[in-house]
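So the chains spell out like this:
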Amino acid sequence: MASLGTPAFRLYILRHARAAWAQPGQADFDRALDDEGFAEAEVIAEEAADQGYKPDLIISSTAVRCRQTAEPFHRTVSEELSIDYIDTLYSGSVETYAELAFADRQETSVMIVGHNPMVEEFFHRLVGKEIAETAAPFGYPTAGLAILDFDKRPTDTDYSGACLAGFMTARPAR
């Protein structure tokens, strides 16, 4: 369990905000946020910043809807905040998410912006079914943001010991 002090590592897991349905002939990858999704992305970024949640690095899927969800954090948290866009988050496995989140790097606070079902599966693997279902009883919502603290630096092969420090949504649970 994480201590009350500064964690050794903090992971933010953000599911992209609500996206529009694909237009005829449009690839799923190219789906953009709809009006509600743009509002969700802005709200979650502002709420996170207001609560002092500020990642050192954002790693986002290259899909349009993930890029559009990550951008408000760049504006709200800091324009110097780096965002790395990684293709493999679009269709990668839980292991891919872990490799990217827990890679050996200097940053001690990383945000992953990705897609379901991997976001939800990654979250479940990190905190366990009971805690995950308590935090998100209706599934991992669009623009849902989990904040996980670790007492020791996790690796892509040993990421045990996550403590759920917070879970935010851009809208009330339905």
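Residues numbered from 1 in each chain as written. Predicted model: local features only at pLDDT ≥ 70, side-chain atom pairs only at ≥ 80, totals over all residues. Heavy atoms only, no water.

(A) Fine view of the overall build of the protein. Across its full length, the protein carries five helices and six strands. When its helices and strands are written in sequence order, the protein yields β-α-β-α-β-α-β-α-α-β-β. Taken against the 2.2 N^0.38 rule, which gives 16 Å for 174 residues, the C-alpha radius of gyration of the protein at 15 Å falls within 12% of a compact globule. Taking the principal axes of the C-alpha coordinates as reference, the protein spans close to 50 × 35 × 30 Å. Among the 174 residues that make up the protein, the fraction classed as buried is 47%. (Helix = DSSP H or I, 4+ residues; strand = E, 2+ residues; numbered from the N terminus. Rg over C-alpha atoms; globule rule 2.2 N^0.38 Å. Buried < 20%, exposed > 50% of the residue type's maximum accessible area, 1.4 Å probe, protein only.)

(B) Structural view of the pairing of strand E4 (residues 109–114). Buried residues dominate E4, accounting for six of its six residues. Bridging between strand E1 (residues 9–15) and E4 involves six bridges; their strand directions are parallel. Looking at E4, one finds that Leu-14 is bridged to Val-113. As defined by bridge partners, strand E2 (residues 57–61) adjoins E4 across four bridges and the pair is classed as parallel. From the neighbouring strand, Leu-57 faces E4, where its bridge partner is Val-110. (Pairing = 2+ DSSP bridges.)

(C) Highlighting the sheet that holds E1. One open sheet holds the six strands; their spatial order is E3-E2-E4-E1-E5-E6, and the pairing between them is mixed. The sheet terminates laterally at strand E3 (82–86) and strand E6 (163–168), the two strands that pair on one side only. Taking each pair of neighbouring strands and ignoring which way they run, the sheet shows an average axis angle of 20°. The pairing of E1 with strand E5 (residues 145–150) spans six bridges and is classified as antiparallel. Bridged to Phe-9 within E5 is Phe-150. Sheet strands touched by helix H2 (residues 64–76): E1, E2, E3 and E4. Its angle to E2, the strand with the most contacts, is close to 165°. Helix-sheet contacts for helix H4 (residues 118–127) involve E1, E4, E5 and E6, and the interaxial angle to E1 is about 150°. (Axes fitted to C-alpha atoms, helices over the stretch in contact; angles between N-to-C directions. Contact = heavy atoms within 4.5 Å.)

(D) The packing of aromatic side chains, seen in detail. Scanning the model with the defined rule gives twelve aromatic pairs in all. Ring centres of Tyr-12 and Tyr-53 lie 6.0 Å apart, and the angle between their planes is 70°; on these two criteria the pair is classed as edge-to-face. You can see Tyr-12 sitting in strand E1 and its partner Tyr-53 sitting in the loop between helix H1 (35–50) and E2, a full 41 residues away along the chain. Neither Tyr-12 nor Tyr-53 differs from the other in exposure class; each is buried. Joined through ring pairs, the aromatic side chains of Phe-9, Tyr-97, Phe-102, Phe-122, Phe-150 and Tyr-159 make up one cluster. Across the ring face of Tyr-85, the terminal group of Arg-67 is positioned such that the distance to the ring centre comes to 4.0 Å. (Phe/Tyr/Trp six-rings, centres within 6.5 Å; stacked < 30°, edge-to-face > 60°. Lys NZ or Arg CZ within 6 Å of the ring centre and 35° of its normal.)

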